Amino acid sequence: MKALRPLLFVLLIFSLATLACSTFSNFTKATETTEPSKPSTEVPTEAVTEKPPKAKILFEDDFSDSGSGWDQWTDDTSTTDYLNGTYQIFVGEANWWNWTNPYLDFTDVIVEVDVENVASPIGDAGIICRYQDAENFYFLSITTDGYYAISKIKDGEEFQLTDDYPTTAIINTGKSFNHLRAECIGSNLTLFANGTELVSISDADFSSGDVGLIGGSYEDAGVDLRFDNFVVTKP
């Protein structure tokens, strides 16, 4: 029995040492802490949207300068002239056209203008392109009672290039404002009113020329139009 006690004691000491190491190891593992992850400081990259190229302005006029090159003409019945920061076309004769040009020359163009009708008689208001001379040009127009058309003067004779005279509620009628846009690109002629396409046709008689403004009357004289913010851009 004496021989057994030292062995038991040694075993007891060894067991206690093993238990202590295991406990210390478990305690060490239990007290280990994981460092919290830091929030990302990376800034998300926003998708870059390419802006469409800005249209190249070939000519523009707000009619604040009466010396900018347009016609200044008045007779007993009609006027095409600058007036209070706008350009006035007054048609004082029934069934008549008056027009004006800045005396320039272009090929393909987009022409835009604001027009106000300030009188009661029904009339036409439009944009001219490919103007060769007084007997050869295109004009794209609306009427003050809501109709529209694309026409051509060739060798002094008027031809309507659109079918009949269609009408639309897009055109503001009576004494009101409208924004007109005429695209004369290649053989294609397109008319817009207030941001909406109205009609597009093809005609190849004229490929270049001046731009301009036009106003017309029907049975009643006294059509009075005020144009502003005339802009010609390259398509």
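In this text the structure is predicted, and so the values were computed from the model without any measurement.

The rules behind each value
- Residues numbered from 1 in each chain as written.
- Predicted model: local features only at pLDDT ≥ 70, side-chain atom pairs only at ≥ 80, totals over all residues.
- Heavy atoms only, no water.
- Helix = DSSP H or I, 4+ residues; strand = E, 2+ residues; numbered from the N terminus.
- Buried < 20%, exposed > 50% of the residue type's maximum accessible area, 1.4 Å probe, protein only.
- Patch = residues over 30% accessible without salt bridge, like charges linked within 9 Å, V, L, I, M, F, W, Y side chains within 5 Å.
- Areas by Shrake-Rupley, 256 points an atom, 1.4 Å probe, with all protein chains shown as cover.
- Salt bridge = Lys/Arg side-chain N within 4 Å of Asp/Glu carboxyl O.
- Lys, Arg positive; Asp, Glu negative; His and termini not counted.
- Charge placed at Lys NZ, Arg CZ, Asp CG, Glu CD.
- pLDDT = per-residue confidence, 0-100.
- Contact = heavy atoms within 4.5 Å.
- Phe/Tyr/Trp six-rings, centres within 6.5 Å; stacked < 30°, edge-to-face > 60°.
- Core = buried A, V, L, I, M, F, W, Y, C linked by side-chain atoms within 4.5 Å.
- Pairing = 2+ DSSP bridges.
- Axes fitted to C-alpha atoms, helices over the stretch in contact; angles between N-to-C directions.

### Description of the environment of Asn84
With respect to the secondary-structure elements, Asn84 resides in the loop between strand 3 (78–83) and strand 4 (86–91). For Asn84, a relative accessible area of 75% gives the class exposed. Through-space distance from the C-alpha of Asn84 to that of Ser66 is 9.5 Å; in sequence the pair is 18 residues apart.

### Section: a negative patch on the surface
A surface patch of negative charge is lined by Asp133, Glu135, Asp155 and Glu157. Here Glu157 shows up in strand 10 (residues 157–160). Accessibility expressed as a relative area gives 46% for Glu157, which makes it partly exposed.

### Thoughts on the confidence of the model for the protein
Averaged over every residue, the pLDDT of the protein is 85; residues scoring 70 or more account for 78%. Every residue in residues 1–34 scores below 50 in pLDDT, and together they form 0 contacts with partners more than four places removed in sequence or on other chains.

### Section: the packing of aromatic side chains
The way to describe two aromatic rings as a pair is by their centre distance and the angle between their planes. The tally for this structure, following the rule as stated, stands at 13 aromatic pairs. Ring centres 5.6 Å apart and planes at 50 degrees place the aromatic pair Phe63 and Tyr87 in the tilted group. Residue Phe63 is located in the loop between strand 1 (56–61) and strand 2 (73–74), and its partner Tyr87 is located in strand 4; the two are separated by 24 residues in the primary sequence. Across the pair, Tyr87 and Phe63 agree in class, each one buried. Ring geometry for Phe137 versus Phe139: centroids 6.1 Å apart, planes at 45 degrees, classification tilted. Look at Phe137 and you get buried, because its relative accessible area is 0%. The class for Phe139 is buried, based on a relative accessible area of 1%.

### Here's the deal with the nonpolar core
The tendency in soluble globular proteins is for nonpolar side chains to be buried as a group. Counting residues in each nonpolar core, the largest one holds 38 residues, and the members touching the most others are Phe227 and Phe230. Beyond its immediate sequence surroundings of up to four residues, Phe230 is in contact with Phe59, Glu60, Asp61, Phe63, Trp70, Val111, Glu112, Val113, Val211, Gly212 and Leu213. Ile128, Phe137, Phe139 and Ile153 belong to the second-largest nonpolar core, a separate cluster that totals 6 residues.

### What to know about the pairing of strand 11 (residues 177–185)
Pairing analysis gives 8 bridges linking strand 6 (residues 109–117) to strand 11, with the strands arranged antiparallel. Pairing of Ile110 across the sheet is with Glu183, part of strand 11. Sheet topology note: the strand 11/strand 12 (residues 188–193) ladder contains 6 bridges and is antiparallel. Looking across to strand 12, one finds that Arg181 is bridged to Phe192. Where strand 11 folds back onto strand 12 in an antiparallel hairpin, the turn is made up of 2 residues, including Gly186, whose phi is positive at roughly 60 degrees.

### Describing the sheet that holds strand 10
Two strands in a sheet stick together by hydrogen bonds in their backbones, pointing the same way (parallel) or opposite ways (antiparallel). Taking strand neighbours across the sheet as the criterion, the 6 strands line up as 5-14-7-8-9-10 in an open arrangement whose pairing is antiparallel. Pairing within the sheet leaves two strands with one partner each, and these edge strands are strand 5 (97–100) and strand 10. Averaged over all adjacent pairs, the angle separating strand axes in this sheet is 25 degrees, with direction ignored. Relative to strand 14 (residues 210–217), strand 5 runs antiparallel, the two sharing 4 bridges. Within strand 14, the residue paired with Trp97 across the bridge is Gly216.

### Quick notes on unusual backbone geometry
Its identity is not glycine, yet Phe63 carries a phi of approximately 65 degrees, on the positive side. Look at Phe63 and you get buried, because its relative accessible area is 2%. Phi angles above zero are rare outside glycine, and Asn229 is one such case at about 55 degrees. Among the structural elements, Asn229 can be located in strand 15 (residues 223–234). Its relative accessible area of 39% is what places Asn229 among the partly exposed residues.

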